[in-house]
Amino acid sequence: MTADVASPDLADRVVSAFPGRRVGPLETLAGGHSGLTYVVRVEERKYVVKAVPQAERPVGRNDMLRQARVLQALAGTAVPVPEVVAVDERQPAWFAMEFVSGEAVEPVLDEHDLDPGLARARMLEAARVLRRLHDVDVSSLPLDAPPPREATAELEQWSRTMRAVPAELRPGGEDLLHRLARAVPDDLPPVLVHGDFRLGNILCRERAPEAAAVVDWEIWSVGDPRADFGWFLLFADHRNFPALGREFPGLPAETELLDAYLAGAVPLPDLDWFRALTRMKMAAIMGHNLRRHREGRIHDPDQERLPPTIEAMIRTAHDILGT
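Since we're looking at a predicted model, the values are computed, not measured. (Residues numbered from 1 in each chain as written. Predicted model: local features only at pLDDT ≥ 70, side-chain atom pairs only at ≥ 80, totals over all residues. Heavy atoms only, no water.)

Novice: So, the overall build of the protein: which residues are in play, and what are the values?
Specialist: Looking only at helices and strands, one finds nine helices and nine strands in the protein. Against the compact-globule benchmark of 20 Å for 323 residues, the protein has a radius of gyration of 20 Å, which places it among compact chains. Overall, the C-alpha framework of the protein stretches about 65 × 50 × 40 Å when taken along its three principal axes. Here the protein holds 323 residues, and the buried ones make up 50% of them. For the protein, restricting intrachain contacts to residue pairs at least 6 apart in sequence, the fraction spanning at least 24 positions comes to 71%. On the protein, roughly 15,200 Å² of surface is accessible, and the fraction owed to carbon and sulfur atoms is 50%. The distance from the centre of the 38 positive side-chain charges to the centre of the 50 negative ones in the protein is 1 Å. (Helix = DSSP H or I, 4+ residues; strand = E, 2+ residues; numbered from the N terminus. Rg over C-alpha atoms; globule rule 2.2 N^0.38 Å. Buried < 20%, exposed > 50% of the residue type's maximum accessible area, 1.4 Å probe, protein only. Contact = heavy atoms within 4.5 Å. Areas by Shrake-Rupley, 256 points an atom, 1.4 Å probe, with all protein chains shown as cover. Lys, Arg positive; Asp, Glu negative; His and termini not counted. Charge placed at Lys NZ, Arg CZ, Asp CG, Glu CD.)

Structure follows, in C-alpha cells:
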C-alpha cells in the first residue's frame, strides 16, 4: 500500500462509522502534511479523514487522537475549527471532521492571485483569531495536556535541533544560541498554542477575509502566547525568506499585527526575544531539511534554495537582540 491509497481495513472502518448511510471511497486530499489525509463523501456531506499510517507509531504528527481531542475541546469556542464527526481509537487510529470549504494562502510564499487588500485584511483577521485562541481558558478544556512548555524548555529543544545542523550551514547560529540562553524572559501565563499559526493554516471564506477554520493542529501545546505570535509575525514579510519569498504589497507591518492582536490590552513583554527565537527555530528546521537532502536521506533539490534564508534568519535574529 502506498500513502496515496487507503487500506481496505481503513475504508471498512470508515464505512462502519456511518451506519445506514451511503459512504463513498476515500480519496487522497492534497496538502495533508501529517499522517494520511483523505476526503470522503457520506451521502451529500463531505468529510476529511485523518489516519495513522500503517506500521507507524501514533506519536507526534501521527497522533490523530491528540489532534481530534483539541478540535473537540475548541468546539463552541470563539476559535473556528472543523467539527469532529467520528473518532476511532483502535490503532491505527483515525478521525473524521467536516470538510470546510475555503482558501488557505500564504501571501509571501505561495503562488497565487490574491488581491493585496484581501491579503491584508486576512492577515489582520488572523491576528484577532490568534488572540481569541489565546483568550480561551485552557484550564477549562478537556485536553489532558502535558505541562506547559516554558521558554527555557523551548530554547533547549530547538538548540538541540540547531546543533544537529552542520556549522557551515548555520553561520552565526552558535553565537545566537548563547545570546538567547543569556536572556531567557520570564514566562507568561500558559495558553493553548497552535504551534504553526499562519495564514497557510487558516481556511478563509472564498474571496473574503473571514476565517472559516483554523487547521493543522499537529503540534499544539500549552505554553507561552508569544511563541505563537512570534511565529505568525515571521510570515508577514517576504524579506524574511530570501530566494523563497515573493514581494507582496500592502501586508500589515508587525506593529499593525501586534495592535490587532492586543486590541488595546497590555503589551507583550520581551516580545523581541521570541521574535529572535522564532527565527532560530526556522533556521534550525530549514538546516535540518537541507542536511537530510545533502546526506541523501531525502532527495529534494529544492532544499538547495534554503541557505540564503537560513543565513537571513540568523542574521536578523542577532539584529533583533541588539548589541
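That was the structure; now back to the text.
Novice: Go over the packing of aromatic side chains, please, and point to the residues and values.
Specialist: Scanning the model with the defined rule gives seven aromatic pairs in all. Their ring planes at 50 degrees and their centres at 6.3 Å tell us that Phe229 and Phe232 sit as a pair that is tilted. Taken together, the positions of Phe229 and Phe232, both in helix α6 (residues 225-234) and three residues apart, correspond to about one turn of that helix. Every member of this aromatic cluster is reached through a ring pair, and the members are Phe197, Phe229, Phe232 and Tyr261. Between Arg131 and the ring centre of Tyr261, over which it is positioned, the NZ or CZ distance is 5.2 Å. Above the plane of the ring of Phe235 lies Arg198, whose end atom (NZ or CZ) is 5.4 Å from the centre. (Phe/Tyr/Trp six-rings, centres within 6.5 Å; stacked < 30°, edge-to-face > 60°. Lys NZ or Arg CZ within 6 Å of the ring centre and 35° of its normal.)

Novice: With reference to specific residues and values, describe the sheet that holds strand β4 (residues 84-88).
Specialist: Taken in spatial order, the five strands line up as β1-β2-β3-β5-β4 in an open sheet, and their pairing is antiparallel. What marks the edges here is a single partner per strand, and that holds for β1 (27-28) and β4. Of the strand pairs in this sheet, strand β3 (residues 45-51) and strand β5 (residues 94-98) are connected by five bridges, and their pairing is antiparallel. By the bridge assignment for β5, Val48 is matched with Met97. Sitting on the sheet, helix α1 (residues 8-16) touches β2 (36-42), β3, β4 and β5, and the angle it makes with β5 is about 55 degrees. Its contacts with the sheet place helix α2 (residues 64-74) against β2, β3, β4 and β5, and it is angled at close to 150 degrees to β4. (Pairing = 2+ DSSP bridges. Axes fitted to C-alpha atoms, helices over the stretch in contact; angles between N-to-C directions.)

Novice: So, the nonpolar core: which residues are in play, and what are the values?
Specialist: Within the largest apolar cluster, 83 residues are counted, with the highest numbers of intra-cluster contacts made by Leu74, Leu192, Trp217, Phe232, Phe241 and Met280. Here this core takes 11 residues from helix α8 (residues 271-294), the largest share from any one element. Listed in part, the 16 residues of the second largest apolar core include Ala6, Val23, Leu26 and Tyr47. (Core = buried A, V, L, I, M, F, W, Y, C linked by side-chain atoms within 4.5 Å.)

Novice: Which residues make up the pattern of salt bridges, and what are the values?
Specialist: For the structure shown, the criterion picks out 26 salt bridges. The salt bridge involving Glu103 is made with Arg122; its shortest N-O contact spans 2.5 Å. Separated by 19 residues along the polypeptide, Glu103 in the loop between β5 and α3 (116-135) and Arg122 in helix α3 bring together distant segments of the chain. Its relative accessible area of 16% is what places Glu103 among the buried residues. The salt bridge involving Glu256 is made with Arg120; its shortest N-O contact spans 2.5 Å. Residue Glu256 is located in helix α7 (residues 254-262), and its partner Arg120 is located in helix α3; the two are separated by 136 residues in the primary sequence. (Salt bridge = Lys/Arg side-chain N within 4 Å of Asp/Glu carboxyl O.)

Novice: Explain helix α9 (residues 307-321) to me, using residue names and the numbers behind them.
Specialist: Between the first and last C-alpha of α9 there are 22 Å, a value that for 15 residues agrees with the 21 Å anticipated at 1.5 Å per step. Among the residues of α9, those classed as buried are Pro307, Thr309, Ile310, Ala312, Met313, Ile314, Ala317, His318 and Ile320. Where α9 is buried, its residues touch α4 (151-163), α5 (173-182), α6 and α8. (Expected span 1.5 Å × (residues − 1).)

Novice: Residue-level account of the environment of Pro107, with values.
Specialist: Turning to its location among the elements, Pro107 is positioned in the loop between β5 and α3. Along the chain, Pro107 and Leu233 lie 126 residues apart, while their C-alpha atoms are 13 Å from each other.

Novice: How would you explain the pairing of β2 if you had to name every residue and give the values?
Specialist: Counted residue by residue, β2 has six buried out of seven residues, so it is predominantly covered. Inspection of the sheet shows β1 paired to β2 by two bridges, in the antiparallel sense. Counterpart to Glu27 in the pairing with β2 is Val39. Examined bridge by bridge, β2 and β3 share seven bridges and lie antiparallel to one another. Bridge pairing in β3 places Tyr38 opposite Val49. Taken together, β2 and the strand that follows it, β3, pair antiparallel across an intervening segment of two residues, in which Glu43 is found at a positive phi of about 55 degrees.

Novice: How would you summarise the packing of α6 against α7 if you had to cite specific residues and measurements?
Specialist: A packed helix pair is summarised by two numbers, namely the angle formed by the two axes and the spacing between the axes. Two elements in contact, α6 and α7, have axes whose closest approach is 11 Å; the angle formed by their N-to-C orientations is 140 degrees. With respect to α7, the axis of α6 lies oblique. Crossing of α6 over α7 shows right-handed handedness. Each of Pro225, Phe229, Phe232 and Leu233 in α6 lies in contact with α7, whose residues at this interface are Glu254, Leu257, Leu258 and Tyr261. In terms of residue class, the contact of α6 with α7 is built from seven nonpolar, no polar and one charged. (Parallel < 35°, antiparallel > 145°, perpendicular 65-115°, else oblique. Left-handed = near helix turned anticlockwise from the far one by under 90°. Nonpolar A, V, L, I, M, F, W, Y, C, P; charged D, E, K, R; others polar.)

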